[in-house]
Amino acid sequence: MVNKIEKQSGVAFILKKGQKLKVIDPLGEQVSDMVLFNAEDIREKISSGKTLDFEENLLITKGNFLWSNRSRKMMEILEDTNGRNDFLLAPCSPETFQIMYKNPAYHPSCFENLYTNLAPHGIEPDDVPTAFNIFMNVQFSQNGKLSVDPPQSKAGDYVLFEAQMDLIAALTACSAEDSNNGSFKPIHYEILEGF
């Protein structure tokens, strides 16, 4: 069954070891932030640093694993039709829009959508790590300067993950204008039994 995450919102759910998670960009150029926690011990969570270290690459895609802060595999990427994801930048937050967008007004954010949906699982805002930003197109120049460019994902592109342990997963349909080429769209996802 295909589930829909409305634009600028998020969800959290349990994913059992061996289940597959398919994250789909139904309309194109829409980022989805994903965080993972060990369902048995929420102190174990997805780690950008460990993943980039053990996978020896800044570009995490098909064939790579997502690792935890305890150096254990949490997810394997089985398929990635887009091939460009980010694991450097933190989820957009209220401060993102105040500091980077010079916007003092309230603005939906991935950080808020992650922690509010994770709250029923006992996960607090300070527990939310750097997300794996599916479809996000972060470029870096030779001198290290970062830029957020429009996603390269087209309508129907997807990433297929397989859980390596029982997980609490959270996903968003990202709320940052620059990440999504200036517009906000939904994200679809499916939970598939192991096969």
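See the structure shown above.
Residues numbered from 1 in each chain as written. Predicted model: local features only at pLDDT ≥ 70, side-chain atom pairs only at ≥ 80, totals over all residues. Heavy atoms only, no water.

Student: Hey, could you run me through the environment of Leu 89 in this one?
Tutor: Structurally, Leu 89 can be placed in the loop between strand S7 (73–80) and helix H2 (94–99). Along the backbone, Leu 89 and Ser 48 are 41 residues apart, and their C-alpha atoms lie at a distance of 9.3 Å. With residues up to four places along the chain from it excluded, the contact list for Leu 89 reads Thr 130, Ala 131, Asn 133, Met 136, Val 138, Leu 146 and Val 148. (Helix = DSSP H or I, 4+ residues; strand = E, 2+ residues; numbered from the N terminus. Contact = heavy atoms within 4.5 Å.)

Student: Is there a simple way to explain the pattern of salt bridges in this structure?
Tutor: Oppositely charged side chains can form a pair if their charged atoms are brought close together. A full pass over the atoms with the stated rule returns seven salt bridges. A salt bridge links Lys 20 to Glu 162, with the shortest nitrogen-to-oxygen separation between them at 3.9 Å. A residue pair is termed long-range when its members are at least 10 positions apart, and Lys 20 in strand S3 (residues 20–25) and Glu 162 in strand S11 (residues 157–163) qualify at 142 residues. Residues Arg 70 and Asp 41 are paired through a salt bridge, measuring 3.0 Å at the closest nitrogen-oxygen approach. One end of the pair, Arg 70, is in the loop between strand S6 (65–67) and S7; the other, Asp 41, is in strand S5 (residues 41–45), with 29 residues separating them in the sequence. Taking the relative accessible area as the measure of exposure, Asp 41 reaches 19% and is therefore buried. Overlapping salt bridges, with partners in common, bring together Asp 41, Arg 43, Glu 44, Arg 70 and Arg 72 in one network. (Salt bridge = Lys/Arg side-chain N within 4 Å of Asp/Glu carboxyl O. Buried < 20%, exposed > 50% of the residue type's maximum accessible area, 1.4 Å probe, protein only.)

Student: I tried to follow the pairing of strand S9 (residues 137–140) on my own but got confused; where do I start?
Tutor: Consecutive residues of a regular strand have side chains that alternate between opposite faces of the sheet. As judged from the four bridges shared by S9 and strand S10 (residues 146–149), these two strands associate in the antiparallel manner. Its bridge partner lying in S10, Phe 140 is registered against Leu 146. Linkage of S9 to S10, two consecutive antiparallel strands, is achieved through a turn of five residues, within which Gly 144 is found at a positive phi near 95°. (Pairing = 2+ DSSP bridges.)

Student: Explain the packing of aromatic side chains here, please?
Tutor: By the definition in use, this model includes six aromatic pairs. For the ring pair Phe 13 and Tyr 189, a centre distance of 5.0 Å and an interplane angle of 5° mean the geometry is stacked. Highlighted residues: Phe 13 in strand S2 (residues 10–15) and Tyr 189 in strand S13 (residues 187–192), separated in sequence by 176 residues. According to the relative accessible area criterion, Phe 13 is buried, its value standing at 9%. Summarising the aromatic geometry, the rings of Phe 111 and Tyr 115 are spaced 5.1 Å apart at their centres and angled 65° between planes, so their arrangement reads as edge-to-face. Pair noted here: Phe 111 and Tyr 115 are both in helix H3 (residues 110–118), with a separation of four residues, about one helical turn. For Phe 111, a relative accessible area of 22% translates into the label partly exposed. Feature note: the residues Phe 87, Phe 132 and Phe 161 constitute an aromatic cluster, connected by ring pairs. Above the face of the Tyr 158 ring, Lys 22 is positioned so that its terminal group lies 4.3 Å from the ring centre. The ring of Phe 65 has Lys 73 sitting right over it, with the charged end atom 4.0 Å from the ring centre. (Phe/Tyr/Trp six-rings, centres within 6.5 Å; stacked < 30°, edge-to-face > 60°. Lys NZ or Arg CZ within 6 Å of the ring centre and 35° of its normal.)

Student: Looking at this model, I keep getting lost on the nonpolar core. Mind explaining?
Tutor: Within the largest apolar cluster, 38 residues are counted, with the highest numbers of intra-cluster contacts made by Leu 21, Met 34, Leu 66, Met 75, Phe 132, Phe 161 and Leu 171. Top element by residues in this core is strand S12 (residues 167–172). It accounts for five residues. Residues contacting Met 34, with those up to four places away along its chain left out, are Leu 21, Leu 66, Met 75, Ala 131, Phe 132, Ile 134, Phe 161, Ala 170 and Leu 171. By size, the runner-up hydrophobic cluster in this structure holds eight residues, among which are Val 31, Cys 92, Cys 110 and Cys 174. (Core = buried A, V, L, I, M, F, W, Y, C linked by side-chain atoms within 4.5 Å.)

Student: What's the story with the state of the cysteines in this structure? I'm lost.
Tutor: By definition, a disulfide is the covalent link that joins the sulfur atoms of two cysteine residues. Enumeration over the complete set of coordinates arrives at zero disulfides. There is no disulfide at Cys 92, and the cysteine sulfur nearest it, in Cys 110, is 3.8 Å away. The structure places no disulfide on Cys 110, whose sulfur is separated from the nearest cysteine sulfur, that of Cys 174, by 3.7 Å. Residue class for Cys 110 comes out buried when judged on its relative accessible area of 0%. (Disulfide = S-S within 2.5 Å.)

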